[in-house]
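Inside the fold
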Amino acid sequence: MLELNEQEKQLLSSIEPRHSSMVETTRRLADINSGSFNPAGINAVNQEFVSIFSPLSDTHKTLTLETIPLVQEDGQVKNFETSQMQLFSARPEAPLQILCTGHSDTVFPIDSEFQKTWIEGNHLRGPGVADMKGGLVILSEALRAIHHSPFKDQVGFTVAISPDEEIGSPSSAAELTKLAKKADYGLVYEPALSDGTLAGARKGSGNFTVVCHGKSVHAGRDFFSGRNALTAIARLAIMLEELSDEAQGISVNIGKFSGGGAVNVVPDLGICRFNVRVQDPQQQTYVEEKIHAYIEQVEQKSGCKFKLHGNFNRPPKPVNERQQSMFDLLKMCGQQLDIDIAFKATGGCCEGNNLAAAGLVNIDTLGVRGGAIHSEDEFACLDSFVERAQLSALLIAKLCSKQA
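Attention here is on the structure that accompanies the text.

Definitions and limits used
- Residues numbered from 1 in each chain as written.
- Predicted model: local features only at pLDDT ≥ 70, side-chain atom pairs only at ≥ 80, totals over all residues.
- Heavy atoms only, no water.
- Buried < 20%, exposed > 50% of the residue type's maximum accessible area, 1.4 Å probe, protein only.
- Helix = DSSP H or I, 4+ residues; strand = E, 2+ residues; numbered from the N terminus.
- Pairing = 2+ DSSP bridges.
- Core = buried A, V, L, I, M, F, W, Y, C linked by side-chain atoms within 4.5 Å.
- Contact = heavy atoms within 4.5 Å.
- Axes fitted to C-alpha atoms, helices over the stretch in contact; angles between N-to-C directions.

Attention now moves to the pairing of strand β5 (residues 96–103). For β5, a buried count of eight out of eight residues is recorded, marking the element as mostly surrounded by other parts of the structure. Note: β5 against strand β8 (residues 155–162), eight bridges, orientation parallel. Residue pairing in the sheet places Cys100 in a bridge with Val159 of β8. As defined by bridge partners, β5 adjoins strand β9 (residues 185–188) across four bridges and the pair is classed as parallel. If you follow Thr101 over to β9, its bridge partner there is Val188.

Next up, the structure:
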């Protein structure tokens with residue numbers, strides 16, 4: 001097994017005493033609600049990140065993002081103004097440039113009952129402790145170790161913290177693409193599984209909303225002159241759901257219906273919200289074509305009018321030769337730290353999909369070991385904070401050597 005050199009040993013030893021600080025900082029961040037549609041909470045968390053990352057950075061700036069069009073329950077579109085994206089940068093002249101990404105938002109709304117953190121055995125529990133406030137704390141500690149090491153001048157970084165990742169990065173995706181084209185490698189701080197397994201290939205994902213307008217009439221007096229928007233949207237939903245193919249890795253999840261009212265009135269509004277997952281760009285094109293074809297078919301048969309909103313916001317992330325090379329480098333780092341590193345393909349998506357689509361090789365589950373994310377059972381493994389910060393610091397050191 002390849003031994004650590006003295007510089008690497010010193011780098012890693014500087015992280016060991018930081019465990020309590022990492023846990024305390026994660027708790028402070030997670031005790032602030034920052035649901036994707038809570039701009040005030042996201043702004044409060046962002047101020048915490050300013051205090052965390054600014055001492056390690058040469059510059060800090062904020063980006064005002066495009067508003068997000070949201071289809072309301074009445075079928076109208078309302079633009080939502082999200083919080084700003086945070087960018088922290090250092091040493092743009094260094095030979096190695098890494099893009100580190102994370103998000104300040106969580107899936108838990110401001111009225112969620114899951115609001116505070118607590119410790120239970122080896123688990124830190126609470127909203128966003130794993131996904132991904134703990135991950136960003138790990139990143140800060142890895143960068144802090146590099147900042148105080150001989151590796152400092154060899155590597156520059158940009159830390160991009162987006163406010164809309166949990167809703168698919170509808171506004172930050174374009175900025176991530178721009179940043180990805182300026183970097184050599186990407187590091188993303190989504191959580192690993194509780195056993196340490198990281199994400200390998202990722203499926204692509206798209207979120208869609210279809211609004212259907214029919215014709216409302218009295219269900220008794222004039223039923224047959226009406227156009228039932230709910231039955232039309234239901235017919236479309238069944239056709240879309242039947243695109244799901246387990247063997248091919250295609251899934252269409254019908255997530256929510258809206259519309260209708262009194263049962264003696266033919267409903268003139270139906271709304272269907274759904275998510276699609278695909279394994280490769282060819283499947284993405286196929287599903288997109290089918291969505292449009294099915295809408296046209298149901299329109300013709302029902303006499304209703306349809307409007308499609310949404311798109312594939314996360315392209316598929318395959319494992320190519322360059323990606324595998326980075327995986328292999330992380331495995332070597334794990335061997336030196338006596339950590340078993342394994343990768344597993346997943347249907348989940350993250351900013352790593354966007355970076356890969358922009359041509360940036362990246363590892364996207366460098367955060368804490370944890371589990372039960374997006375639920376009130378979410379946890380981060382306490383014994384993973386030092387371990388994963390050391391893993392990231394050593395990976396950055398190895399990338400410096402590789403770039404030299």
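Here we come to the nonpolar core. In terms of nonpolar packing, the biggest core is built from 66 residues, with Phe53, Ile98, Val159, Leu187, Phe385 and Leu395 touching the most fellow members. Not counting the four nearest positions on each side in its chain, Phe385 is found in contact with His19, Met22, Val23, Thr26, Leu124, Gly134, Ile138, Val368 and Ala380.

Ordered by their spatial adjacency, four strands build an open sheet running β12-β13-β11-β14, and the pairing between neighbours is antiparallel. Bordering the open sheet on either side are β12 (251–259) and β14 (305–314), each of which pairs with just one other strand. Each neighbouring strand pair of the sheet contributes to a mean axis angle of 15 degrees, computed without reference to strand direction. Two strands pair when backbone bridges link them, and strand β11 (residues 204–213) and strand β13 (residues 269–278) are joined in this way by 10 bridges, in the antiparallel orientation. Across the sheet, the residue bridging to Val211 is Ile271, located in β13. Helix α6 (residues 229–241) rests against β11, β12, β13 and β14 of the sheet, and its axis sits at about 170 degrees to β12. Helix α7 (residues 281–302) rests against β11, β13 and β14 of the sheet, and its axis sits at about 170 degrees to β14.

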